[in-house]
Amino acid sequence: SQKIEQNSEALNIQEGKTATLTCNYTNYSPAYLQWYRQDPGRGPVFLLLIRENEKEKRKERLKVTFDTTLKQSLFHITASQPADSATYLCALTGGGNKLTFGTGTQLKVEL
Amino acid sequence: GAVVSQHPSWVICKSGTSVKIECRSLDFQATTMFWYRQFPKQSLMLMATSNEGSKATYEQGVEKDKFLINHASLTLSTLTVTSAHPEDSSFYICSAEESGTNTDTQYFGPGTRLTVL
């Protein structure tokens, strides 16, 4: 069966450190993978999209990698700040434009 | 940037009543909009794909007669929860794809919290 797995446990890191979140998937061959940020009681906010032929993508302090052999994407936030605390969701498409979301990883950046 | 709004942001209703939720793309046109449901501590689950001018496509297990979707214009889709029951209490979120672009990006609304008493 198809699965998208993210660390269900919260990730606590110190301000200034790099946060690394993992997204693993099985039985998908996604054309692209996306990362979203979701704050409590709010809709997801799009962060980055990476396509199957791209290994890495960057946007300011964010970096995403996509390994289609390992079926894994890593999401990095460098120089993390308390304002980065949120739940981060990965999402991918199994075909067409329908997105399937992982369960998300809650990130807490502490002072 | 592309902005999607939802109305209302929260609603409380009695069991058996119907509730309509609106999703609007404010600064772009959206041929396709999506409706998701999110229960506490769970991820977003796609309910249906809403296409302007045609019938919505529902995901397996989602009752189309209970969750009525209308996408009458390129900037508005509505979801009506008919005869709502407490188990329908959830966070409903819509998203929209900008027409005519190939960005594969969905822009999400802020969500609507539905509580059925």
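Below or above, wherever it landed, is the structure these notes cover. The numbering scheme is per chain: residues are counted from 1 as the chain's sequence reads. Here the convention is simple: chains get letters from A, ligands get numbers from 1, in the order in which they are written. A pLDDT threshold of at least 70 governs which residues receive local features in this predicted model, and a stricter bar of 80 or more applies before side-chain atom pairs are shown or counted, although totals over entire chains, interfaces and linings include all residues. In computing side-chain values, all of the structure's heavy atoms are included and hydrogens and water are not.

Another aspect to go through is unusual backbone geometry. The omega torsion across His7(B) and Pro8(B) is 0°, close enough to zero to call that bond cis. One can find Pro8(B) in the loop between strand E1 (4–7) and strand E2 (10–13). Its identity is not glycine, yet Asn27(A) carries a phi of approximately 60°, on the positive side. Topologically, Asn27(A) is positioned in the loop between strand E3 (19–26) and strand E4 (32–38). One non-glycine residue, Lys71(A), lies in the positive phi region at around 55°. The way it works is that DSSP assigns letters per residue, a run of H or I at least four long becomes a helix, a run of E at least two long becomes a strand, and they are numbered from the N terminus.

With that settled, consider the sheet that holds strand E8 (residues 76–81) of chain B. Residue and element names in this part refer to chain B. A pair of strands is treated as paired once DSSP finds two or more bridges between them. Pairing within the open sheet is antiparallel, and its four strands lie in the order E1-E3-E8-E7. This sheet does not close on itself; its edge strands, each paired only once, are E1 and strand E7 (67–73). Put simply, the sheet's adjacent strands are angled 15° from each other on average, direction ignored. Relative to E8, E7 is paired through five bridges, and the arrangement is antiparallel. For every element, the axis is a line fit to its C-alpha atoms; helices are fit only across the contacting stretch, and the angle between N-to-C directions ranges from 0 to 180 degrees.

Turning to the packing of aromatic side chains, a few remarks are in order. Ring pairs are drawn from Phe, Tyr and Trp, using the six-membered ring of Trp, whenever the two centres fall within 6.5 Å, and their geometry is named by plane angle: stacked under 30 degrees, edge-to-face over 60, tilted for the rest. The full count for this structure, using the stated rule, is 11 aromatic pairs over all chains. Ring plane angle 85° and centroid distance 5.2 Å describe the contact between Tyr36(A) and Phe108(B), whose orientation is recorded as edge-to-face. Within this pair, whereas Tyr36(A) is found in strand E4, its partner Phe108(B) is found in strand E10 (residues 106–108), the two belonging to separate chains. Relative accessible area serves as the criterion here: at 0%, Tyr36(A) is assigned to the buried category. A residue is classified by how much of its surface remains accessible, and Phe108(B), at 10% relative accessible area, is buried. Exposure classes here rest on a 1.4 Å probe applied to the protein chains alone. A residue is buried below 20% of its type maximum, exposed above 50%, and partly exposed in between.

A separate point is a nonpolar patch on the surface. Patch definition: residues with relative accessible area over 30% and no salt bridge; like charges joined within 9 Å; nonpolar side chains (Val, Leu, Ile, Met, Phe, Trp, Tyr) joined within 5 Å. Where accessible areas are quoted, they stem from the Shrake-Rupley method and a 1.4 Å probe; at the residue level, only the protein chains shown are allowed to cover. In the sections that follow, a salt bridge refers to a side-chain nitrogen of Lys or Arg positioned within 4 Å of a carboxyl oxygen of Asp or Glu. Together, Trp10(B), Ile12(B) and Leu117(B) give the surface a local cluster of nonpolar side chains, amounting to about 390 Å² of exposed area. Structurally, Ile12(B) is set in strand E2.

To continue, consider the sheet that holds strand E8 (residues 72–77) of chain A. Residue and element names in this part refer to chain A. The sheet built from five strands is open, its strands ordered E1-E3-E8-E7-E6 with antiparallel pairing. On the outer flanks of this sheet lie strand E1 (3–6) and strand E6 (56–59), each paired with one strand and no other. When the angles between neighbouring strand axes are averaged without regard to direction, this sheet yields 15°.

A few words on the interface of chain A and chain B. Residues are treated as being in contact if the distance between any of their heavy atoms lies within 4.5 Å. Counting from both sides, the interface comprises 18 residues of chain A and, opposite them, 21 residues of chain B. Counting the surface lost from both chain A and chain B, the interface buries some 1500 Å², and carbon and sulfur atoms represent 50% of this. By buried area we mean the combined loss of accessible area, with a 1.4 Å probe, across both parts when two parts are placed together. Taken as a group, Asn97(A), Lys98(A) and Phe101(A) account for 30% of the area that chain A buries against chain B, more than any other trio of residues on that side. Counting the contacts that link chain A with chain B gives one salt bridge. The residue Glu59(B) makes a salt bridge to Lys98(A) at a minimum N-O spacing of 2.9 Å. We call two N or O atoms a polar contact when they sit within 3.5 Å, provided that within protein one can donate a hydrogen and the other can accept it, with sequence-adjacent residues counted only if both atoms are side-chain atoms. Counting across the interface, chain A meets chain B through five residue pairs in polar contact (both at pLDDT 80 or more). Examining the composition of the side of chain A that touches chain B, we find that four residues originate from one element, E4(A), more than from any other. Grouping the constituent residues of the side of chain A that touches chain B by class yields eight nonpolar, seven polar and three charged. Residues are grouped as follows: Ala, Val, Leu, Ile, Met, Phe, Trp, Tyr, Cys and Pro are nonpolar; Asp, Glu, Lys and Arg are charged; all remaining types, including Gly, are polar.

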